[in-house]
Amino acid sequence: MVEASRSDAPPRRLTLSPGETVADAARKAIAFGAESLLWHQNAAEAGDAEPLHQLRVAARRLRATIELFSNVIYAAQLKLYRRDIPWLGGQAGAVRECDVTAALIGDRAAKIDPDLKAAVAPMIAALDERRKFEHAKLYDQLASKRYRNLIAKLSRPAIKKIGSDRMLGPVAAQLIRPATHSAARLGRKLADDAPALVFHKLRVRIKRLRYELEMIAPLGAKRHKRALARLEAMQELLGLYHDVTVASAWLLSYAETSGAQPRTMLAAGALIQSLDGRESKLRRRCMRAWRRFERSEAMRDTLEEIRRAGRSALTPVISPAPASDARESDQPNQSQIARREIEDPPQSGHNLTNSQSATEAIS
């Protein structure tokens, strides 16, 4: 398994077929998540920014996978996944936030008094030191027995037999529904006076929902694609807001605890003021974007589209009658039709009822 992290080939694209069982889909998706972690592990250990970001994304996608299939994962293993995947992803995120905050401060420094620009350098240096510290912690995590145990458990997930033998297609909408409800509950809490944490949690839920929808892309169509595009745009907007709030909080902590030179303190204050205006604008944009998404009922339409596609996957394909059965005439006359109806009454209504009942029972 360790050798997977040394491969020169990128991880394959994950696709889940509506015709495979929930158990097979869960095993495939979870094992793919483990492979993605290993693929980015070496470069992340070296401290490169992009692999660190991709390691964090891989952990988040894996968390979405675990929640999507949580009902068929044994409780002990589910508890381990829910504990250790955030443990790893959170530490990768701590390193990543140093990079994002440094870049944001450098960008906003161009908008403050030019005489204070040089005073920003100590802040960037402090962020660099913090990054080294957080990266050392991540390096130790990736070398730990706890991480190796996590990878082993991900590579061989324990899936329940009861309920996991169903086809994925008919139950896909049901599996995704918890993520939609969770996002909707948080979205209703957005307000001018709502804490930044609510916006952050909504962003996390939207990511989970987006990743789950991407995994079942074969069941989607136009509405699915539109919902994904809107979720991605909203995730990006909420991400910008989150980055600004994190940078502001770091600058405030730096100003209170660093004991920096007066000009650096003035620069920190100017940056906080600049970010505060940006934060207010982004907050309003996030709220408007969510309200538009909510009014569009895009997720309701998408779930219905997925539900219909899943049910249609159960419809049997009826082969056309052999040509030999129609030897006497291509266009039967009325007496032939009447005779056939007397000898073999039509049963299409009965068959349709049975077909519908079977579909409803499975779904």
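Residues numbered from 1 in each chain as written. Predicted model: local features only at pLDDT ≥ 70, side-chain atom pairs only at ≥ 80, totals over all residues. Heavy atoms only, no water.

Chemist: Got a minute to help me understand the overall build of the chain in this structure?
Modeler: Helix and strand counts for the chain come out as 12 helices and zero strands. Of the regular secondary structure in the chain, the N- to C-terminal order runs α-α-α-α-α-α-α-α-α-α-α-α. Look at the contacts in the chain between residues 6 or more apart in sequence, and 81% of them connect residues 24 or more apart. By element, 52% of the accessible surface of the chain is carried by carbon and sulfur atoms, the whole surface being about 19,800 Å². (Helix = DSSP H or I, 4+ residues; strand = E, 2+ residues; numbered from the N terminus. Contact = heavy atoms within 4.5 Å. Areas by Shrake-Rupley, 256 points an atom, 1.4 Å probe, with all protein chains shown as cover.)

Chemist: Would you take a moment to explain the side chain of Arg108 for this structure?
Modeler: Take Arg108: it is sitting in helix 3 (residues 75–109). Although Arg108 is buried, it forms no salt bridge, and the closest oppositely charged side chain is Asp107 at an N-O distance of 4.4 Å. Beyond its immediate chain neighbours, meaning those up to four positions away, Arg108 contacts Leu271, Ser274, Leu275 and Arg278. (Buried < 20%, exposed > 50% of the residue type's maximum accessible area, 1.4 Å probe, protein only. Lys, Arg positive; Asp, Glu negative; His and termini not counted. Salt bridge = Lys/Arg side-chain N within 4 Å of Asp/Glu carboxyl O.)

Chemist: Would you mind going over the packing of helix 6 (residues 168–187) against helix 7 (residues 196–215) with me for this structure?
Modeler: Each pair of packed helices can be described by the angle between their axes along with the distance between the axes. It is at 9 Å that the axes of helix 6 and helix 7 come closest, and there the two elements cross at 160°. Judged by the angle between their axes, helix 6 and helix 7 are roughly antiparallel. Two packed elements cross with a definite hand, and for helix 6 against helix 7 that hand is left-handed. Contact residues: helix 6 offers Leu175, Ile176, Pro178, Ala179, Thr180, Ser182, Ala183, Leu186 and Gly187, while helix 7 offers Val198, Lys201, Leu202, Arg205, Arg208, Leu209, Glu212 and Leu213. (Axes fitted to C-alpha atoms, helices over the stretch in contact; angles between N-to-C directions. Parallel < 35°, antiparallel > 145°, perpendicular 65-115°, else oblique. Left-handed = near helix turned anticlockwise from the far one by under 90°.)

Chemist: Even after reading the chapter, I still don't get the nonpolar core, so can you show me in this structure?
Modeler: Across soluble globular proteins, nonpolar side chains have a tendency to be buried as a group. Ranked by size, the top nonpolar core spans 93 residues in total, and within it Leu37, Phe69, Tyr81 and Leu154 carry the most contacts. In terms of residue count, helix 8 (residues 222–257) provides more of this core than any other element does, 12 residues in total. (Core = buried A, V, L, I, M, F, W, Y, C linked by side-chain atoms within 4.5 Å.)

Chemist: Quick question: what am I supposed to make of the pattern of salt bridges here?
Modeler: Pairing is possible between side chains that carry opposite charge, provided their charged atoms lie close to one another. The full count for this structure, using the stated rule, is 18 salt bridges. The salt bridge involving Glu297 is made with Arg300; its shortest N-O contact spans 2.9 Å. For Arg300, a relative accessible area of 52% corresponds to the exposed category. In this structure, Arg308 and Glu304 form a salt bridge, with 3.7 Å as the shortest nitrogen-oxygen distance. Placement of both Arg308 and Glu304 in helix 10 (residues 298–312) is noted, with a separation of four residues, approximately one turn of the helix. A network of salt bridges, in which partner residues are shared, links Arg61, Arg210, Glu214 and Glu232.

Chemist: What exactly am I supposed to notice about a positive patch on the surface here?
Modeler: Taken together, the side chains of Arg230, Lys281, Arg284, Arg285, Arg288, Arg292 and Arg295 make up a positively charged region of the molecular surface. The element that contributes the greatest number of residues to the positive patch is helix 9 (residues 262–296), accounting for six residues. By the secondary structure assignment, Lys281 is in helix 9. (Patch = residues over 30% accessible without salt bridge, like charges linked within 9 Å, V, L, I, M, F, W, Y side chains within 5 Å. Charge placed at Lys NZ, Arg CZ, Asp CG, Glu CD.)

Chemist: Help me understand the environment of Arg223 in this model?
Modeler: Turning to its location among the elements, Arg223 is positioned in helix 8. Sequence separation between Arg223 and Met299 is 76 residues, and the spatial gap between their C-alpha atoms is 8.5 Å. For Arg223, the contacting residues outside a window of four places in its chain are Asp301, Thr302, Glu305 and Arg308.

Chemist: Is there a simple way to think about the packing of helix 2 (residues 49–68) against helix 7 in this case?
Modeler: At a minimum axis distance of 9 Å, the contact between helix 2 and helix 7 shows a crossing angle of 75°. Considered as vectors, helix 2 and helix 7 are oriented roughly perpendicular to each other. In this structure, helix 2 uses Val57, Arg60, Arg61, Ala64, Thr65, Glu67 and Leu68 to contact helix 7, whose residues at the interface are Arg203, Lys207, Arg208, Arg210, Tyr211, Glu212, Glu214 and Met215. Residues that form the contact of helix 2 with helix 7 fall into these classes: five nonpolar, one polar and nine charged. (Nonpolar A, V, L, I, M, F, W, Y, C, P; charged D, E, K, R; others polar.)

Chemist: I tried to follow the packing of aromatic side chains on my own but got confused; where do I start?
Modeler: Aromatic ring pairs are described here by two measures, namely the spacing of the ring centres and the angle between the planes. Following the criterion strictly, the structure yields three aromatic pairs and no others. Between Trp290 and Phe293, the ring centres sit 5.6 Å apart and the planes meet at 40°, which makes this aromatic pair tilted. Taken together, the residues Trp290 and Phe293, both in helix 9 and three residues apart, mark about one turn of the helix. You'll find Trp290 and Phe293 in the same group, each marked buried. The ring of Trp87 is capped by Arg146, whose NZ or CZ atom sits 4.0 Å from the centre of that ring. (Phe/Tyr/Trp six-rings, centres within 6.5 Å; stacked < 30°, edge-to-face > 60°. Lys NZ or Arg CZ within 6 Å of the ring centre and 35° of its normal.)

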